[in-house]
Amino acid sequence: AQRVTQPEKLLSVFKGAPVELKCNYSYSGSPELFWYVQYSRQRLQLLLRHISRESIKGFTADLNKGETSFHLKKPFAQEEDSAMYYCAFQTGANNLFFGTGTRLTVIP
Amino acid sequence: DVKVTQSSRYLVKRTGEKVFLECVQDMDHENMFWYRQDPGLGLRLIYFSYDVKMKEKGDIPEGYSVSREKKERFSLILESASTNQTSMYLCASSLRGRHTDTQYFGPGTRLTVL
C-alpha cells in the first residue's frame, strides 16, 4: 500500500541549530513529493515540491530514491519556523497522500 | 491569489443531525477535496471530485457523502452526525493537468458533535 511515514510527531530544536524533519515513502514507482506547512492560526499551504528543486524559507528537501526518503532540512532554524509540517506524495492521480505530520518547535 | 473559503470556522451539532459543510473556490479549479485532520493521524482524504457531478471515494468515506453541482462549490454532508466525526475538516482545490499541481486549502471547519 502507498504510505508516507513521518516518524517524529514532535521535534524541538534551538534557534540557530540545524533541523531535519524525516519523511519516508512506500511506493514502487516515481512519486511527486511535497512538503506542506501549517503555521499557527493559518491555513495549510505548500512549502516546497521536489520537482522544483527549490529552497523556500531556507528549507530544502532532496529525494533519495534508494532510501525512499524526502527529508526536509534547514541549516539554521528560526523561531518563525515553528509549525506543523506534513510530507505528502502524489502518484498518477490528482490526490495527495499525507503523512501524520511533525510539529516543529524552535526554542529561542 | 487562489481563495478557498469554507462556510463555517466552528460548528457544534448534536448526534444524529444532518450536517452540511460548504466549500467554495474562486479560481476555476477542476479538482476539489475534503479531508479531515486529526492529531496523530494527519490529513485523511474523505472524498474528492474531478469535475462537476463527479465524485470519488477517498480513504475514509464511511458516514459521509458529497455534492458537486457547480464547479466552484463542493459540499460535504454528514447524513447522521456521530461523536467520532468530531474533527477539523479541510477543503482544498487544485487545477487538473498532466502534471501535479499545488493544492490550495481553506481555513478549516472545526466540527464538534455532542
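Structure: see above.
Keep in mind it's a predicted model, so treat the numbers as computed, not measured. (Residues numbered from 1 in each chain as written. Chains lettered and ligands numbered in written order. Predicted model: local features only at pLDDT ≥ 70, side-chain atom pairs only at ≥ 80, totals over all residues. Heavy atoms only, no water.)

All names here are of chain B. Residue position: Ser82 is located in the loop between strand S8 (73–78) and strand S9 (87–94). A relative accessible area of 23% means that Ser82 is categorised as partly exposed. A sequence separation of 11 residues divides Ser82 from Ser93, and the C-alpha atoms of the two residues are 27 Å apart. A distance of 2.5 Å separates a polar atom in the side chain of Ser82 from a polar atom in the side chain of Asn84. (Helix = DSSP H or I, 4+ residues; strand = E, 2+ residues; numbered from the N terminus. Buried < 20%, exposed > 50% of the residue type's maximum accessible area, 1.4 Å probe, protein only. Polar contact = N/O pair within 3.5 Å; in protein donor to acceptor, adjacent residues only side chain to side chain.)

Residue and element names in this part refer to chain A. The sheet built from three strands is open, its strands ordered S3-S8-S7 with antiparallel pairing. Only two strands of the sheet have a single neighbouring strand rather than two, namely strand S3 (19–21) and strand S7 (60–61). In the sheet, S3 pairs with strand S8 (residues 72–74) via three bridges, with the strands oriented antiparallel. By the bridge assignment, Leu21 is partnered in S8 with Leu72. (Pairing = 2+ DSSP bridges.)

Now for the packing of aromatic side chains. When we look at a pair of aromatic rings, we describe it by the centre distance and by the angle of the planes. Enumeration according to the criterion identifies 15 aromatic pairs over all chains in this entry. Taken together, a centroid distance of 6.2 Å and an interplanar angle of 25° make the contact between Phe33(B) and Phe48(B) stacked. Of the two residues, Phe33(B) is situated in strand S4 (residues 31–38) and Phe48(B) in strand S5 (residues 42–49); the sequence distance between them amounts to 15 residues. Given the relative accessible area of 0%, Phe33(B) is considered buried. Members of the aromatic cluster, each reached through a chain of ring pairs, are Phe34(A), Tyr36(A), Tyr86(A), Phe98(A), Phe33(B), Tyr35(B), Phe48(B), Tyr50(B) and Phe105(B). (Phe/Tyr/Trp six-rings, centres within 6.5 Å; stacked < 30°, edge-to-face > 60°.)

Turning our attention to the interface of chain B and chain A. Between chain B and chain A, the residue contacts involve 24 residues of the former and 19 residues of the latter. Counting the contacts that link chain B with chain A gives zero salt bridges. Inspection of the chain B/chain A interface yields six residue pairs in polar contact (both at pLDDT 80 or more). Of all elements in the fold, only S4 and S5 of chain B reach the threshold of two or more residues within the side of chain B that touches chain A. Of the residues assigned to the side of chain B that touches chain A, the class counts are 12 nonpolar, nine polar and three charged. (Contact = heavy atoms within 4.5 Å. Salt bridge = Lys/Arg side-chain N within 4 Å of Asp/Glu carboxyl O. Nonpolar A, V, L, I, M, F, W, Y, C, P; charged D, E, K, R; others polar.)

Moving on: the environment of Lys18(B). Residue and element names in this part refer to chain B. Looking at the secondary structure, you find Lys18 in the loop between strand S2 (10–13) and strand S3 (19–25). The spatial distance from the C-alpha of Lys18 to the C-alpha of Ser80 is 5.1 Å, given a sequence separation of 62 residues. For Lys18, the contacting residues outside a window of four places in its chain are Ile77, Leu78 and Glu79.

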